[in-house]
Amino acid sequence: MRALYPGSFDPLTLGHLDLIERAARLFDGLVVAVLQNPSKTPAFSLEQRLEQIRRATAHLGGVEVGSFDGLTVDFARHYGAGVILRGLRALSDFEFELQIAHTNHSLAPAVETLFLATAVQHSFLSSSVVKEVARFGGDVGHLVPEGVAQDLARLFNRSESTRGSDG
Ligand code: ADP
């Protein structure tokens, strides 16, 4: 069974990586797919996010990295994935995730959504929190893979030095 793990990954965190490592043990193949969402302006370009994931998962067998726009179920079918994998951190994730899972099931009944409970130590972690900490110069070394921490430092040092009146 192959699985698709879709998300924004803007940027990849250790919570995402933990889920990827566990899923790599469960499935014959896993594709981590960055969603190109036209309604969001990401902090990192698609190419940067793909590279961050590639570097962080290089030690794992059976993990591919890709991107898609459009419907997740279409990409799952294209990749031959019988499972869409999502992480659940807290109750607050549940309602939205359930809605998406039911919608995807109505579109593609053969594709199941499976949830993995996030590791306790990463259950407070989100890409937004990481960006917020890094923006104000906090240490994010314990929250993201090393390459991502470097990318965050570069991103916010640069915007710091080019910052205009709009902040
Ligand atoms: P999206 O915009 O699709 O929610 P994210 O990159 O925020 O994209 O999340 C992708 C997936 O990873 C989601 O299933 C989300 O629940 C899960 N996830 C987010 N943060 C963590 C974390 N700290 N630990 C494990 N899974 C997480």
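This one's a predicted model, so the numbers in the text were calculated from it and none came from an experiment. (Residues numbered from 1 in each chain as written. Predicted model: local features only at pLDDT ≥ 70, side-chain atom pairs only at ≥ 80, totals over all residues. Heavy atoms only, no water.)

*Asks:* Give me the lowdown on the side chain of Ser126, citing residues and values where you can.
*Replies:* With respect to the helices and strands, Ser126 occurs in the loop between strand E5 (112–117) and helix H5 (127–135). One polar contact links the side chain of Ser126 to the main-chain amide nitrogen of Val129, over a distance of 3.1 Å. Residue contacts for Ser126: discarding those within four places in its chain leaves Thr13 and Arg89. (Helix = DSSP H or I, 4+ residues; strand = E, 2+ residues; numbered from the N terminus. Polar contact = N/O pair within 3.5 Å; in protein donor to acceptor, adjacent residues only side chain to side chain. Contact = heavy atoms within 4.5 Å.)

*Asks:* Lay out unusual backbone geometry in plain terms, naming residues and giving numbers.
*Replies:* In this structure, Pro11 follows Asp10 across a cis peptide bond, with omega equal to 5°. Looking at the secondary structure, you find Pro11 in the loop between strand E1 (2–7) and helix H1 (14–26).

*Asks:* Hey, could you go over a nonpolar patch on the surface for me, with residue numbers and the actual values?
*Replies:* A cluster of nonpolar side chains, namely Leu91, Phe94 and Leu98, defines an oily patch on the protein surface of about 300 Å² accessible area. As for its placement among the helices and strands, Leu98 is situated in helix H4 (residues 91–107). A residue is classified by how much of its surface remains accessible, and Leu98, at 30% relative accessible area, is partly exposed. (Patch = residues over 30% accessible without salt bridge, like charges linked within 9 Å, V, L, I, M, F, W, Y side chains within 5 Å. Areas by Shrake-Rupley, 256 points an atom, 1.4 Å probe, with all protein chains shown as cover. Salt bridge = Lys/Arg side-chain N within 4 Å of Asp/Glu carboxyl O. Buried < 20%, exposed > 50% of the residue type's maximum accessible area, 1.4 Å probe, protein only.)

*Asks:* Talk me through the site of the ligand; I want residue IDs and the actual numbers.
*Replies:* Residues in contact with the ligand amount to 15 residues; listed here are only the nearest, Tyr5, Ser8, Phe9, Gly87 and His122. Here an oxygen atom of the ligand sits 2.6 Å away from a polar atom, N or O, in the side chain of Tyr5. Contact between the ligand and Gly87: an oxygen atom at 2.6 Å from a main-chain N or O atom of the residue. Burial of the ligand by the protein chains amounts to 88% of its free accessible area of 550 Å². Where the shell around the ligand is concerned, the elements lending two or more residues are E1, H1 and strand E4 (83–88). Here the residues of the shell around the ligand are counted per class, giving five nonpolar, seven polar and three charged. (Near = heavy atom within 4 Å. Nonpolar A, V, L, I, M, F, W, Y, C, P; charged D, E, K, R; others polar.)

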